[in-house]
Amino acid sequence: GRDVQAGTFHSLCARVLRRDGEAIGIDRRFVVYDTEDQQSLMKQLLREEDLPLTGEFRPSAVLGAISRAKNEMLDATFLAENAVNHRERTIAKLAVRYEQRLKKVGALDFDDLLLKAVVLFDEAPQVLARYQDRWRYLHVDEYQDTNRPQYLWIRALAAKHRNLAVVGDDDQSIYRWRGADIRNIL
């Protein structure tokens, strides 16, 4: 029983990043920005860009767009390179500055916990191999509410031993607005 590891995706990814994130340049003492921290940072960035804090560029709207992109594994650079109108270009510019500021202060937001854990396993195969051997049997509850980074992280972990059990109900998927992809369970 002592070998059992349990937690949410976010808590497990944070634990893995604190232990092994230095392999991809993440300081183990990183700070996790919660919603309030994110809002405060975005308000600061909007003021610096001389944009109003209301309307289409209100902090929650911009952060929502950034979060949706991250849940599709799209980074700020991708957003900037693929922006086609003023709104998208502005959000992309804010996303780039947001990521720069997070990096400068040694912080990750909740979406980054998942994204960086996927990157860690992609770019540091020796780290992935250690976790594959440590966590040979995987069980994921509420699988219908997983997003792309969660799916990719679990797929990487399960690839070696193929001992994966998931529980979920496609009729109970309630987190599409947060990036959940019902195709993961189907």
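Residues numbered from 1 in each chain as written. Predicted model: local features only at pLDDT ≥ 70, side-chain atom pairs only at ≥ 80, totals over all residues. Heavy atoms only, no water.

### Notes on the nonpolar core
Then step 1. In this structure, Phe121, Trp135, Trp153 and Leu157 are the most contacted members of the largest nonpolar core, which totals 29 residues.
Then step 2. Among the elements of the structure, helix H1 (9-20), helix H6 (110-123), helix H7 (125-134), strand E3 (138-140) and helix H8 (148-158) are those that each provide at least two residues to this core.
Then step 3. Leave out the neighbours within four places in its chain, and Trp135 touches Gln5, Leu12, Val16, Trp153 and Leu157.
Then step 4. In terms of nonpolar packing, the next biggest core, distinct from the first, is built from 17 residues, Leu41, Ala76, Ile91 and Tyr98 among them. (Core = buried A, V, L, I, M, F, W, Y, C linked by side-chain atoms within 4.5 Å. Buried < 20%, exposed > 50% of the residue type's maximum accessible area, 1.4 Å probe, protein only. Helix = DSSP H or I, 4+ residues; strand = E, 2+ residues; numbered from the N terminus. Contact = heavy atoms within 4.5 Å.)

### Details of the pattern of salt bridges
Then step 1. Per the counting criterion, the structure on display carries 12 salt bridges.
Then step 2. With a shortest N-O distance of 3.3 Å, Glu22 and Arg28 are connected by a salt bridge.
Then step 3. Accessibility expressed as a relative area gives 48% for Glu22, which makes it partly exposed.
Then step 4. In this structure, Arg101 engages Glu48 in a salt bridge whose closest nitrogen and oxygen atoms are separated by 2.9 Å. With Arg101 in helix H5 (residues 86-105) and Glu48 in helix H2 (residues 35-48), the pair connects residues that are 53 residues apart, well separated along the chain.
Then step 5. Residue classification places Glu48 among the partly exposed positions, given a relative accessible area of 40%.
Then step 6. Counted as one network, the salt bridges with shared partners bring together Glu48, Glu49, Lys93, Arg97 and Arg101. (Salt bridge = Lys/Arg side-chain N within 4 Å of Asp/Glu carboxyl O.)

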